[in-house]
Amino acid sequence: MTQSTRKAPPAPGPTAPAGSGTRRRIGDRVFSGLATGSGITILVILAMVAGFLLMQAFPALTTAPAELQAKGYGEFWSWILPFAWGTIWASFWALLLAVPVSIGIALFISHYAPRRLSAGLGYVIDLLAAVPSVVFGLWGSFVLAPAVQPLYLWLNTYLGWIPFFGGQPSGTGRTLLTASIVLAVMILPIITSLSREVFLQTPKLHEEAALALGATRWEMIRMTVLPFGRAGIVSSVMLGLGRALGETMAVAMVLSGAHVISIEILTSQNPNTIAAVIAQNFPEAYGVKTNQLIAGGLVLFVITLLVNSIARLIVARYKDFSGANG
């Protein structure tokens, strides 16, 4: 081979600084260790909380019902069931009120409002999450309850044949429905914020394709945005439900609760919630009564775990059929 036909060696490309690969590997190992450690820490904390609740609740769960009756506490399961019902019932009405409004606001911010208005409205909605529970409780007790009391009278007069609105309406407005409205306002920013972020992640090509085929904006949202965000909506709703189940101070300040099981939501005899009962009775509790209240916290802990487990199953079922896979 002659000198003229011999190919020149390729010019050397830019070389990485010495030690950059080592630093990258160290950074990956550090990040992996932090992520793994954080996950393990969460599981350890959860196990410690469960262990504490089990140990403290054990005396109340194993004490003979006759002994509990003699001390004036009552058998545990007959004592906790009305409060568990009140917790679930109030949270159900809170979701019923909050979910449609939250999804509507999220859709308005993400697909209808001008950019400046959507940014400001989203900021205001997020600020609701920073309001303390005591403030919501004061607002519900002194502002909301008197304001909605005439509405309750109207509902009882004209819709009293529906079991929910039956009974003798409360004269103060401090009913389970009022507590549910307060809970709905408290969980609204959680559901709205998460749903809004999910809606904004909808592939633009899907939206543009639907509009190009002649769909209206609502039809585009119904065919692309809502199917894509179904799993995210379920996750946000369940996260809001977890907040509603565990809310304490706002419910304790608003709800005039009692040890009853009832579906009526406008009367003065309302089922109380587990969290509110614990907050109202724990300062004066002693002996087995303290263990009984902690056992109530264990029941609430189990309810919350069940809710989150159901949410994970629903999300896992629907995420494979979302618009992201189209």
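The structure presented is a predicted model; accordingly, all values stated were derived computationally and were not measured.

### Section: the overall build of the chain
At step 1: Along the backbone of the chain there are 12 helices and 2 strands.
At step 2: Of the regular secondary structure in the chain, the N- to C-terminal order runs α-α-α-α-α-α-α-α-α-α-β-β-α-α.
At step 3: Here the chain, with 326 residues, has 41% of them falling under the buried criterion.
At step 4: Counted over contacts in the chain with a minimum sequence separation of 6, partners at least 24 positions apart contribute 79%.
At step 5: Carbon together with sulfur atoms contributes 69% to the accessible area of the chain, which is approximately 18,300 Å² in total.

### Thoughts on the pattern of salt bridges
A pair can form between side chains of opposite charge whenever their charged atoms are brought close.
At step 1: As enumerated under the stated definition, the model contains 4 salt bridges in all.
At step 2: Of the charged contacts in the structure, one is a salt bridge between Asp126 and Arg196, with a shortest N-O distance of 3.5 Å. In this pair, Asp126 sits in helix 4 (residues 115–128) while Arg196 sits in helix 6 (residues 176–200), placing the two residues 70 residues apart along the sequence.
At step 3: A relative accessible area of 32% places Asp126 in the partly exposed class.
At step 4: Linked through salt bridges whose partners overlap, the residues forming this network are Asp126, Arg196 and Glu197.

### Considerations on the side chain of Arg196
At step 1: For Arg196, a relative accessible area of 10% corresponds to the buried category.
At step 2: For Arg196, the side chain forms a polar contact with the side chain of Asp126, separated by 3.5 Å.
At step 3: Beyond its immediate sequence surroundings of up to four residues, Arg196 is in contact with Ala106, Ile109, Ser110, Gly122 and Asp126.

### Concerning the environment of Gly171
At step 1: With respect to the helices and strands, Gly171 occurs in the loop between helix 5 (133–159) and helix 6.
At step 2: Counting along the chain gives 97 residues from Gly171 to Ser268, while the straight-line C-alpha distance between them is 7.8 Å.

### Some details on the packing of aromatic side chains
At step 1: Enumeration over the complete set of coordinates arrives at 10 aromatic pairs.
At step 2: Where Phe76 meets Trp79, the ring centres are 6.0 Å apart and the plane angle is 40°; that geometry is what we call tilted. With Phe76 and Trp79 both in helix 3 (residues 76–112) and 3 residues apart, this pair spans about one turn of that helix. The pair formed by Phe76 and Trp79 is uniform in burial state, with each residue classed as buried.
At step 3: For the pair Trp85 and Trp89, a centre-to-centre distance of 5.0 Å together with 15° between the ring planes defines the contact as stacked. Note that Trp85 and Trp89 are positioned in helix 3 at a spacing of 4 residues, about one turn of the helix.

### Quick notes on the confidence of the model for the chain
At step 1: Of all residues in the chain, 89% have pLDDT values of 70 or greater, and the mean over the chain is 85.
At step 2: The lowest-confidence element of the chain is helix 2 (residues 65–70), averaging 71 in pLDDT; the highest-confidence one is helix 6, averaging 93.

### Quick word on the packing of helix 5 against helix 6
At step 1: In the contact formed by helix 5 and helix 6, the axes pass within 9 Å of each other and the chain directions differ by 130°. As the angle between them shows, helix 5 and helix 6 are arranged oblique. Pair helix 5 / helix 6 crosses with right-handed handedness. Taken together, the residues of helix 6 that come into contact with helix 5 (itself represented by Ser133, Phe136, Trp139, Gly140, Leu144, Ala145, Val148 and Tyr152) are Leu177, Thr178, Ile181, Val182, Val185 and Met186.
At step 2: Residue composition of the contact of helix 5 with helix 6, by class: 11 nonpolar, 3 polar and no charged.

### Some details on the side chain of Thr87
At step 1: Note on placement: Thr87 falls in helix 3.
At step 2: A polar atom in the side chain of Thr87 sits 2.9 Å from the backbone nitrogen of Ile274.
At step 3: The contacts of Thr87, once residues within four sequence positions are left out, are Leu245, Asn272, Thr273, Ile274 and Leu300.

### Structural notes on helix 5
For an α-helix, the turn length of 3.6 residues means that residues three or four places apart are oriented alike.
At step 1: An ideal rise of 1.5 Å per residue puts 39 Å on 27 residues; helix 5 reaches only 32 Å between its terminal C-alpha atoms.
At step 2: Three or more residues of helix 5 are buried, namely Ser133, Phe136, Gly137, Gly140, Ser141, Leu144, Ala145, Val148, Gln149, Tyr152, Leu155 and Asn156.
At step 3: Where helix 5 is buried, its residues meet helix 4, helix 6, helix 9 (230–246) and helix 10 (249–254).

Analysis parameters
Residues numbered from 1 in each chain as written. Predicted model: local features only at pLDDT ≥ 70, side-chain atom pairs only at ≥ 80, totals over all residues. Heavy atoms only, no water. Helix = DSSP H or I, 4+ residues; strand = E, 2+ residues; numbered from the N terminus. Buried < 20%, exposed > 50% of the residue type's maximum accessible area, 1.4 Å probe, protein only. Contact = heavy atoms within 4.5 Å. Areas by Shrake-Rupley, 256 points an atom, 1.4 Å probe, with all protein chains shown as cover. Salt bridge = Lys/Arg side-chain N within 4 Å of Asp/Glu carboxyl O. Polar contact = N/O pair within 3.5 Å; in protein donor to acceptor, adjacent residues only side chain to side chain. Phe/Tyr/Trp six-rings, centres within 6.5 Å; stacked < 30°, edge-to-face > 60°. pLDDT = per-residue confidence, 0-100. Axes fitted to C-alpha atoms, helices over the stretch in contact; angles between N-to-C directions. Parallel < 35°, antiparallel > 145°, perpendicular 65-115°, else oblique. Left-handed = near helix turned anticlockwise from the far one by under 90°. Nonpolar A, V, L, I, M, F, W, Y, C, P; charged D, E, K, R; others polar. Expected span 1.5 Å × (residues − 1).

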